[in-house]
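Chain and residue survey
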Amino acid sequence: MGRFFTFVGVVSSFGLKALVDAFRPPIEWEFFLFQIEEIGWRSLPLILAAGFALGVVLSMHTRVTLLQFGAEALIPSLQSAAFFNELGPLITALLVAGRVGAGIGAGIANMRVTEQIDAIESLSIDSFKLLVVTRIVACILILPMLTLFMDFASLAGGFLAESFASHISLQLYVDRAFKTLEWANFIPPTLKTSVFGFIIGTVSGYFGYTTDEGSAGVQRAATNSVVLSSLLIILADVVLVKAIFFLFPRNAI
Amino acid sequence: MSDPAAVEFDHVSKTFGNRKVLDDVSFKISEGEALCIMGRSGTGKSTSLRMMIGLLKPDSGRVRIGSEDIVHSSEEDLSRVRRHMGFLFQSAALLDSFTLGDNLALPLRRLDKSKSPSEIKRAVDETLERVGLDLDIAKMPSELSGGMRKRAGLARALVLHPKLLLVDEPSSGLDRITASEIDDLLLKVKKEYCATLVIVTHDVRGARKVGDRIAVLDQGRLIGLGTATELDKSDQEIVRRLVSES
């Protein structure tokens, strides 16, 4: 347990250094935009497909239960509440941790063992800023956007399932989905994914950047990036949900 | 007062774990000189090279590049010194997500803000032409052969016109003809750029061809330093064997 908290401390200081460096010129715009494409754009198909499928599945499951109480009209609002509040942010973060976290960890570790990071340093370029900071900032900014895509894809999936089951119109589905949803249910949970993005970028960047064990180190960096990012995301979610309930008490009702 | 040496090792020692890789090593390299560092594997040759560019710090002693003590200098000062240095890594270490052209353009874009995109492109083209890779500018590193990768790494090291060029195992993994071509390129660089060269190598032919002097390291200690002819007459057998062509 002590080792875990030591690790969290070391990784946190690694991440904080990255945040400070993000505002120190020169700003690496070119590499940052490249990472936005790599992390955001290339994750989009996975997020949309997963969101849509989960929307269909959740709708089918809730229909069975709610039908027993004659409350199937609540399916759209239940679906939107579940996804906008919790499922969308958490599942998006876990999917990105799997796809992007492994890629960041293995990619940077591979650059370390093939001397590419040394080569960058030898060219008087700050490799930490170029490789780690750009990825962490891209993760922080892209996670909320991907979460929105996940949320809306799940509603699309939910609507499809409902329209097959009850022939509900799109307008009625949307009305019911957003009737009980408030900004407080939507903005804080979406923005909390920036913290998840910070965790993914920092943990993966740390394992990749600090590896020194050859090809075995690359494999370990990829695995550790996914496992520890996912674990820390779930733990952070507990704290963040509590914080959101504290700041927006109506969300807790 | 005489000009400072291009590179100076002053009682440098370095230990990794329990293993002493460099043990009180001292030598100077004059400006415009080509020094080849030879020795058996694991005797601190590449470590010495990495210390010269500040990728590693010695446990004790000083490393001076020109008049700058890079062991105790700040990151900014080290970065300034590195701008006048080029490093050809053993694996070439090209950035594998960039094309060859972008690999060369990166340091120009980052370090020479005065250059316009067209000037950068011209500089990249000229440097690639110099190493015979001008037709491969759009290729990715994975599409290049071992010899081409070495030449590409050399081109990247040369693109900023370094005063000091550090070369790690230029002929490793190459056939004799390609290795000889790389040696010819290094000689050309030395002549055209008036650069100081430090080359770590196991290739005796290359060392005798390119090096003005040869340094021999064994078990972390400098056991021989001189011209190839001088070292042929060394009283230490290991030195004679390492620099012997036969």
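Above: the structure in question.
The structure presented is a predicted model; accordingly, all values stated were derived computationally and were not measured. (Residues numbered from 1 in each chain as written. Chains lettered and ligands numbered in written order. Predicted model: local features only at pLDDT ≥ 70, side-chain atom pairs only at ≥ 80, totals over all residues.)

Once that is clear, we can look at the interface of chain A and chain B. Across the boundary between the two partners, chain A contributes 10 residues, which contact 13 residues of chain B. Among the residues making up the side of chain A that touches chain B, the classes are represented as 3 nonpolar, 4 polar and 3 charged. (Contact = placed C-beta atoms within 7 Å. Nonpolar A, V, L, I, M, F, W, Y, C, P; charged D, E, K, R; others polar.)

Our next topic: the sheet that holds strand E1 (residues 7-16) of chain B. Residues and elements named next belong to chain B. The sheet built from 4 strands is open, its strands ordered E2-E1-E4-E5 with antiparallel pairing. Strands at the two margins of the open sheet, each flanked by one partner only, are strand E2 (19-29) and strand E5 (68-69). Direction of pairing for strand E4 (residues 60-65) relative to E5: antiparallel, over a ladder of 2 bridges. Considered in E5, the bridge of isoleucine 65 is made with glutamate 68. (Pairing = 2+ DSSP bridges. Helix = DSSP H or I, 4+ residues; strand = E, 2+ residues; numbered from the N terminus.)

Residue and element names in this part refer to chain B. Close contact between helix H5 (residues 146-158) and helix H6 (residues 176-193) brings their axes to 10 Å; oriented N to C, the two are set at 15 degrees. Put simply, H5 runs roughly parallel to H6. Crossing of H5 over H6 shows right-handed handedness. Residues Gly147, Lys150, Arg151, Leu154 and Leu158 of H5 form the contact with H6, whose participating residues are Thr178, Ile182, Leu185 and Val189. Of the residues in the contact of H5 with H6, the class split is 5 nonpolar, 2 polar and 2 charged. (Axes fitted to C-alpha atoms, helices over the stretch in contact; angles between N-to-C directions. Parallel < 35°, antiparallel > 145°, perpendicular 65-115°, else oblique. Left-handed = near helix turned anticlockwise from the far one by under 90°.)

Residue and element names in this part refer to chain B. Pairing analysis gives 5 bridges linking strand E9 (residues 213-218) to strand E10 (residues 221-226), with the strands arranged antiparallel. Bridge assignment links valine 216 to a residue of E10, and that residue is glycine 224. Linking E9 to E10, which pair antiparallel, is a turn of 2 residues; within it glutamine 219 sits at a positive phi near 50 degrees.

Residue Pro26(A) is reached from Pro25(A) by a cis peptide bond, and omega for that bond is 0 degrees. Secondary-structure assignment places Pro26(A) in the loop between helix H1 (2-22) and helix H2 (29-40). Phi is positive for His167(A), which is not a glycine, with a value near 55 degrees. Position of His167(A) among the secondary structure elements: in the loop between helix H6 (127-166) and helix H7 (170-179). Of note, Cys194(B) is a non-glycine position whose phi angle comes to about 50 degrees, a positive value. One can find Cys194(B) in the loop between H6 and strand E8 (196-200).

The next thing to look at is the sheet that holds E10(B). Residues and elements named next belong to chain B. Ordered in space as E6-E7-E8-E3-E9-E10, the 6 strands form an open sheet in which the pairing is mixed. The open sheet has two edge strands with one neighbour each: strand E6 (85-88) and E10. Geometrically, the sheet is characterised by an average inter-axis angle of 15 degrees between neighbouring strands, direction not taken into account. Against the sheet, H5 makes contact with E6 and strand E7 (164-168), and its axis sits at roughly 170 degrees relative to E6, the strand it touches most. Contacting strand E3 (34-39), E7 and E8, H6 crosses the sheet at an angle of about 155 degrees to E8.

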